[in-house]
Amino acid sequence: MGLMSESLTQILIPVAALVGIGFSLVQWFLVSKVKVSSGIGLENGYKDRLIEEDEQEEGIDSDEAVAKCAEIQNAISVGATSFLFTQYKYLGIFMVVFGGIIFLFLGSVKGFSTKSEPCTYNKGNLCKPALANAIFSTIAFLLGSVTSVLSGFLGMKIATYANARTTLEARKGVGKAFITAFRSGAVMGFLLAANGLLVLYVSINLFKLYYGDDWEGLYESITGYGLGGSSMALFGRVGGGIYTKAADVGADLVGKVERNIPEDDPRNPAVIADNVGDNVGDIAGMGSDLFGSYAESSCAALFVASISSFGISHDFSAMSYPLIISSMGIVVCLITTLFATDLFEIKNVSEIEPTLKRQLLISTVLMTAGIAMVSFFALPSEFTIYNFGADKAVKNWHLFFCVSIGLWAGLVIGYTTEYYTSNAYSPVQDVADSCRTGAATNVIFGLALGYKSVIIPIFAIAVAIYVSFSLAAMYGIAVAALGMLSTIATGLAIDAYGPISDNAGGIAEMAGMSHSIRERTDALDAAGNTTAAIGKGFAIGSAALVSLALFGAFVSRAGIKTVDVLTPKVFIGLIVGAMLPYWFSAMTMKSVGSAALKMVEEVRRQFNTIPGLMEGRAKPDYATCVKISTDASLKEMIPPGALVLLSPLIAGTFFGVETLAGVLAGSLVSGVQVAISASNTGGAWDNAKKYIEAGASEHARSLGPKGSDAHKAAVIGDTVGDPLKDTSGPSLNILIKLMAVESLVFAPFFAAHGGLLFKWL
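All of the points below concern the structure found in this document. (Residues numbered from 1 in each chain as written. Predicted model: local features only at pLDDT ≥ 70, side-chain atom pairs only at ≥ 80, totals over all residues. Heavy atoms only, no water.)

Counting 223 residues, the largest nonpolar core has Phe-98, Phe-178, Tyr-321, Ile-352, Leu-399, Tyr-475 and Phe-554 as the members making the most contacts within it. Considering each element in turn, this core owes the most residues, 20 residues, to helix 6 (residues 174–211). The residues touching Leu-399, leaving out its near neighbours within four places in the chain, are Tyr-321, Leu-379, Phe-383, Ala-472, Tyr-475 and Val-479. Judged by nonpolar contacts, the second largest core, of 18 residues, contains Cys-435, Ala-688, Ala-700 and Leu-703. (Core = buried A, V, L, I, M, F, W, Y, C linked by side-chain atoms within 4.5 Å. Buried < 20%, exposed > 50% of the residue type's maximum accessible area, 1.4 Å probe, protein only. Helix = DSSP H or I, 4+ residues; strand = E, 2+ residues; numbered from the N terminus. Contact = heavy atoms within 4.5 Å.)

Given below as structure tokens:
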């Protein structure tokens, strides 16, 4: 036994989760102190009069600007909420149908019998019937789905609440605006980490009431939680991604390239849809996505542990090791957040990115110490881990190394991504430089940058896999993935910060705020592009480790001793699996393209038919553009979603578990490459455009002001990159892990009844 008693574990986990929720509410309260209603700001007298002088010169009355901000914020919030509610109606139907499929498939393993049966691994004992597994997996699936949807929705609510507040704070200086945006990001990060932990913890304890000593069955049914989390994330990511990019591409092509009006100009009919899109795609989608990764890595670790000595000897503290690590992560991130908001103040624009980078470093260093403590106290000094039929002897410090290497691999991926997508470094500057000869060279350089940016992250993932597998078999990989996600609260805070700043810039432009404010929000936004890319890097890296862990759990559960690449059954799976990410990307890219086409036509139509629109005398019809985006995304999210969800079912049912193992390995290996390169290419193009627009260096100024040829070439690159970085790239990591977790949940069925084709032949 470890040094922690069961009762202590039972207290610590929920306490950490509640602390996380409490902290996020405090941050939310601090953000809410910024008032968005006209007339209040000036009564505080002296302090607020110090708001920028130049604003008065440009003749913008402060009250008027505040009222305008409030109005725009309201429009964005209403748009995002109504879209998500419509999307959730469809997802609700999906949840019921897919829940039914899980129940039927798993219940039919033993013909819906209610008799106890011998355990799969612990042969001598009796375990609960397969029917119970079917019922509880379905419940876990529904719980995971609801938590995932909730994570996304709450994040969106916070972001639409904070965007105008960030704009208004920018009048007082860049530091104040940064803190507002960052705090709101933290609200989302902590709510998500704490909610995910709490619901999982409560579910385990409730399921225990029925399962009693049958831990094997208990943790097998808990894997449904991860499946629910990720299936919702898939639709959220794809639907949100199509929504945001259709609007963004449409707005950019007509507004910037054809009409020469700035980004987020209120005359552009697609601007509201574009700003709504940032919230439903980048925030709600990202929230569900990282929640899914988190749920699955916990489920994979718990499942492998339940068939190892922890589960067999019923050592609850050691069994809960993944949950205790997440609890520790919440505490560590809480301390880390204070560094950004309270201990150091940002005085000028150049400090924004270093501060965000420092967040990653601080949380990683502190977490390493935290993991050491947890590994020492929660684990027995020696134990065995299930390793494909054999038992592997492992010591507690081995697991410390497994979790830490995942954590540090995450940092390496984050920093590499930052290097390739931030306009402070040469890769993006080279891409910007290539714009002087037009869009074609920009596209060539950008693609090359994306492919090159894959190298270091892949080596980092490879080292993490090798070390953790050598030390603790599949359990090692599962906890390495958990290590990468243990600082999820901080990772999400710096990630959600991006879209919030992006929206703040849009509101500043639409409300007609002065130039200096727009410059500040642009600086916040450029850093936000980079942090969003870092967040995607984390999501992809963790997805690779998570799906490998789930793959291991699936192979164990399906009773396969080895997966032999040279057998034709496996090889055909491998090559088809490697093709799936391309098929999936083709679907999502084409959806964005066709939706953007409709959007461009609508925006052009409005510019041509509404008299006085260009002169600013008439208002554009925003609602039609919002409707185009909504309809397109709801219709177009179904085929890619079906592809991901049906592939494992078809492969497992008709071709059997070996072929399915090949499909999973293939999709993992090719999906990671495509995802990283797509995300980084898009991020680099976006920041190359920002680099030229900001004109902060001699080199940037030589490429011209907004509207120059080089700038137009950069805008085209940015527009091509949009669906890559916000639709295809980030959705691919969900494809990788969703297929793996689905195979694990359905493994009992595939093992019993799968491979129909080969049986007939």
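Next up on the list: the pattern of salt bridges. A side chain with one charge can pair with a side chain of the opposite charge if their charged atoms come near. Throughout the structure, instances matching the rule amount to 27 salt bridges. Between Arg-267 and Asp-265 there is a salt bridge, and its shortest N-O distance comes to 3.0 Å. Accessibility expressed as a relative area gives 23% for Arg-267, which makes it partly exposed. Note on Asp-265: relative accessible area 7%, which makes it buried. Each of the salt bridges in this network shares a partner with another, and the network as a whole consists of Lys-245, Asp-248, Asp-525, Lys-536, Asp-686, Lys-689, Lys-690, Asp-718, Asp-722, Lys-725 and Asp-726. (Salt bridge = Lys/Arg side-chain N within 4 Å of Asp/Glu carboxyl O.)

Side chains of Val-565, Phe-571, Ile-575, Val-576, Met-579 and Trp-583 sit close together on the surface and give an oily, nonpolar patch of about 550 Å² of accessible area. Counting through the fold element by element, Phe-571 comes out in helix 19 (residues 568–609). (Patch = residues over 30% accessible without salt bridge, like charges linked within 9 Å, V, L, I, M, F, W, Y side chains within 5 Å. Areas by Shrake-Rupley, 256 points an atom, 1.4 Å probe, with all protein chains shown as cover.)

At a minimum axis distance of 7 Å, the contact between helix 21 (residues 638–655) and helix 22 (residues 657–694) shows a crossing angle of 150°. Considering their axes alone, helix 21 and helix 22 lie roughly antiparallel with respect to each other. On helix 22, the residues touching Pro-648, Ala-651, Gly-652 and Phe-655 of helix 21 are Val-657, Thr-659, Leu-660 and Val-663. Of the residues contributing to the contact of helix 21 with helix 22, the split by class is six nonpolar, two polar and no charged. (Axes fitted to C-alpha atoms, helices over the stretch in contact; angles between N-to-C directions. Parallel < 35°, antiparallel > 145°, perpendicular 65-115°, else oblique. Nonpolar A, V, L, I, M, F, W, Y, C, P; charged D, E, K, R; others polar.)

Running from N to C, helix 21 and helix 24 (residues 709–753) point in directions that differ by 30°, and their axes come no closer than 9 Å. With respect to their mutual orientation, helix 21 and helix 24 come out roughly parallel. Where helix 21 crosses over helix 24, the handedness of that crossing is right-handed. Contact residues: helix 21 offers Val-644, Leu-645, Ser-647, Pro-648, Leu-649, Gly-652 and Thr-653, while helix 24 offers Leu-735, Leu-738, Met-739, Glu-742, Ser-743, Phe-746, Phe-749, Phe-750 and His-753. Split by residue class, the contact of helix 21 with helix 24 holds 10 nonpolar, five polar and one charged. (Left-handed = near helix turned anticlockwise from the far one by under 90°.)

Glancing now at the packing of aromatic side chains. Within the structure shown, the criterion is met by 27 aromatic pairs. Aromatic side chains Phe-178 and Phe-182 sit 5.7 Å apart centroid to centroid with 20° between the ring planes, which places their arrangement in the stacked category. Within this pair, Phe-178 and its partner Phe-182 are both found in helix 6, separated by four residues, close to a single helical turn. Each of the two residues, Phe-178 as well as Phe-182, counts as buried. With centroids separated by 6.0 Å and ring planes inclined at 65°, the aromatic side chains of Phe-749 and Phe-750 adopt a geometry described as edge-to-face. A single burial state applies to Phe-749 and to Phe-750, both of which are buried. For Arg-165, the ring lying beneath its charged end belongs to Tyr-161, and the centroid distance is 3.9 Å. Lys-357 extends its terminal NZ or CZ atom over the ring of Tyr-415, reaching a point 5.3 Å from the ring centre. (Phe/Tyr/Trp six-rings, centres within 6.5 Å; stacked < 30°, edge-to-face > 60°. Lys NZ or Arg CZ within 6 Å of the ring centre and 35° of its normal.)

Read these as spatial facts, not as claims about activity.
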